[in-house]
Amino acid sequence: MTKAVIAATGLFTPEQSISNAELVAAYNAYAQQFNIDHAAEILEGDVAELTPSSVEFIEKASGIRSRFVVDKAGILDPARMTPHIPERGNDDLSLMAEMAVAAARQAIAAWGKPVSEIGAVLCAASNMPRPYPALSIEVQQALGIDGFAFDMNVACSSATFGIKTAADFIASGSVKAVLMVNPEICSAHLNFRDRDSHFIFGDVATAVIVEAEDQAVGGWEILGTRLKTVMSNNIRNNFGFLNRAALPTGKAEPVVDGATDKLFVQQGRKVFKDVVPMVSEMIIDHAADLGVDPAPLKRLWLHQANINMNQFIGRKVLGREPTPEENVIILDDYANTSSAGSIIAFHLHQDGMEPGDTGLICSFGAGYSAGTVFVRKR
């Protein structure tokens, strides 16, 4: 069986960003108007008064300071509080495909080989713009790649599941190289009217080229991959095509506004309590099975959801307090970018790594789902 190598990565970052101060100002303006409009119901106890958000609350709860987004104006409009993303024609490249193609072209340029050597395209992300045609096929066409393509969704763990899938295709001899893309417009499924989560997500796209070891130059040897899922409703999004079929008689179209379960919903404290020990144990067990001592790992590229989760996992895995160079944090600038977070960290922070150095790409999130990918610098 042929071993797989992470040969190159790419990153697309939107031009617009939102600071915590800007986000708080928009949310507080919305909350103030809501409280005014519902003063009578609040007084009667029928409606809960909205509490203001603050920069201090956001940074303490998450470590996030800003986030990149595809549309800033719509999010910061207290009367709208969602990005404005006009629909494109069927024959035009979709926005998510455009983002994925930009990240992919950067990865392909770094790889330095023709796209004719790529045999498969995977789009691994938490939300797709439509059920079909697959976004991956749109990306495949835009890049002029032959072979096959398909979409996969394991929420925040999608990228590690994608790397595992690509590595298995390489091992089986199905293809010699796989392009995996992770476009995320998380701002479109985030409820910016929810104080507990309005700050969490940002938008971005990443790309990874996984290649057969016998034809790769440099890159990162994939020492082992492991996946895990455990059913949980503590992170959920109920939006889908069946919403329309569930409408009561007399209703014709689904109404998302006000239906908070059709957007991102989580029980943050429960997620922390469940996921952190599960992921820490998974990493340590996987390392043991591979014969890798986790203590001297040179770099941890973890999913970027919450700084407190990452710090806890880092201490548990390394058995000590990690340095900032060892436990990479990029969520202060990017926020949570779902599947793309660990890949952003990996793409941006490979400095100081020498041949033979070992690191870990790890993701975890809704499902619950988790994936570990141990890599060694070639």
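The preceding data block contains the structure.
Residues numbered from 1 in each chain as written. Predicted model: local features only at pLDDT ≥ 70, side-chain atom pairs only at ≥ 80, totals over all residues. Heavy atoms only, no water.

1. Focus: the nonpolar core
Right, on to step 1. Of all hydrophobic cores here, the largest spans 46 residues; its most connected members are Val279, Ile283, Leu297, Ile313, Leu360 and Phe364.
Right, on to step 2. Of all the secondary structure elements, the ones that give two or more residues to this core are α1 (20-37), α8 (268-290), β11 (299-302), α9 (307-318), β12 (358-365) and β13 (369-377).
Right, on to step 3. With eight residues, α8 is the single largest residue contributor to this core.
Right, on to step 4. When residues no more than four places from it in sequence are discounted, the contact partners of Ile313 are Val276, Val279, Ser280, Ile283, Leu302 and Phe364.
Right, on to step 5. One finds Val175, Ile222, Ile361 and Val375 within the second-largest nonpolar core, a separate group that totals 37 residues. (Core = buried A, V, L, I, M, F, W, Y, C linked by side-chain atoms within 4.5 Å. Buried < 20%, exposed > 50% of the residue type's maximum accessible area, 1.4 Å probe, protein only. Helix = DSSP H or I, 4+ residues; strand = E, 2+ residues; numbered from the N terminus. Contact = heavy atoms within 4.5 Å.)

2. Brief notes about the packing of aromatic side chains
Right, on to step 1. The final tally for this structure, using the stated rule, is twelve aromatic pairs.
Right, on to step 2. Relative to Phe199, the ring of Phe57 lies with its centre 5.7 Å away and its plane at 90 degrees, an arrangement referred to as edge-to-face. Note that Phe57 is positioned in helix α3 (residues 55-62) and Phe199 in the loop between β6 (177-185) and β7 (203-212), a separation of 142 residues in sequence.
Right, on to step 3. Judged by its relative accessible area of 23%, Phe57 is partly exposed.
Right, on to step 4. Both rings, one in Trp301 and one in Phe346, keep their centres 4.8 Å apart while their planes meet at 90 degrees; by these two values the pair is edge-to-face. Residue Trp301 is located in strand β11, and its partner Phe346 is located in helix α11 (residues 341-348); the two are separated by 45 residues in the primary sequence.
Right, on to step 5. When its relative accessible area of 1% is taken as the criterion, Phe346 is described as buried.
Right, on to step 6. Aromatic rings pair up to connect Tyr27, Tyr30 and Phe34 into one cluster. (Phe/Tyr/Trp six-rings, centres within 6.5 Å; stacked < 30°, edge-to-face > 60°.)

3. Quick word on the packing of α1 against α3
Right, on to step 1. Two numbers describe how α1 lies on α3: the axes approach to 9 Å, and their chain directions differ by 120 degrees. If you check the angle between α1 and α3, you find them oblique. Crossing of α1 against α3: the hand is right-handed. Note on element contacts: α3 touches α1 through Val55, Ile58 and Glu59, opposite Asn20, Ala21 and Val24.
Right, on to step 2. When the residues that make up the contact of α1 with α3 are grouped by side-chain class, the tally is four nonpolar, one polar and one charged. (Axes fitted to C-alpha atoms, helices over the stretch in contact; angles between N-to-C directions. Parallel < 35°, antiparallel > 145°, perpendicular 65-115°, else oblique. Left-handed = near helix turned anticlockwise from the far one by under 90°. Nonpolar A, V, L, I, M, F, W, Y, C, P; charged D, E, K, R; others polar.)

4. Looking at the side chain of Glu211
Right, on to step 1. Structurally, the position occupied by Glu211 is in strand β7.
Right, on to step 2. Here Glu211 falls in the buried class, since its relative accessible area comes to 1%.
Right, on to step 3. A polar contact is formed between the side chain of Glu211 and the side chain of Lys113, at a distance of 2.6 Å. (Polar contact = N/O pair within 3.5 Å; in protein donor to acceptor, adjacent residues only side chain to side chain.)

5. Re the environment of Leu122
Right, on to step 1. Within the element layout of this structure, Leu122 appears in strand β4 (residues 120-124).
Right, on to step 2. Judged by relative accessible area, Leu122 falls into the buried class, the value being 0%.
Right, on to step 3. In this structure the C-alpha to C-alpha distance between Leu122 and Ile163, which are 41 residues apart in sequence, comes to 9.3 Å.
Right, on to step 4. Other than its neighbours up to four places away in sequence, Leu122 contacts Ser136, Phe150, Met152, Gly162, Thr165, Ala166, Phe169, Val178, Leu179, Met180 and Val181.

6. Remarks on the pairing of strand β8 (residues 220-229)
Right, on to step 1. Looking at chain direction, strand β1 (residues 4-12) and β8 are connected through two bridges and run antiparallel. Bridge pairing links Ile6 to Trp220 in β8.
Right, on to step 2. Relative to β13, β8 runs antiparallel, the two sharing nine bridges. Following the sheet pairing, Thr225 is matched in β13 by Val373. (Pairing = 2+ DSSP bridges.)

7. What about the side chain of Ser62?
Right, on to step 1. Mapped onto the elements of the fold, Ser62 is located in helix α3.
Right, on to step 2. By relative accessible area, Ser62 is classed as buried at 2%.
Right, on to step 3. For Ser62, the side chain forms a polar contact with the main-chain oxygen of Ile58, separated by 2.7 Å.
Right, on to step 4. Sequence-distant contacts of Ser62, defined by excluding residues within four places in its chain, comprise Phe199, Asn306, Ile307 and Leu331.

8. So, the sheet that holds β1
Right, on to step 1. One open sheet holds the nine strands; their spatial order is β5-β4-β6-β7-β1-β8-β13-β12-β11, and the pairing between them is mixed. Two strands lie at the open edges of the sheet, namely β5 (148-152) and β11, each paired on one side alone. The mean angle between the axes of side-by-side strands here comes to 25 degrees, regardless of whether they run parallel or antiparallel.
Right, on to step 2. Sheet topology note: the β11/β12 ladder contains four bridges and is parallel. Opposite Leu302, over in β12, you have Cys362 as the bridge partner.
Right, on to step 3. Contacting β4, β5 and β6, helix α6 (residues 135-143) runs over the sheet at an angle of about 140 degrees to β5.
Right, on to step 4. Most of the contacts of α11 go to β1, to which it runs at about 95 degrees, and overall it touches β1, β6, β7, β8, β11, β12 and β13.

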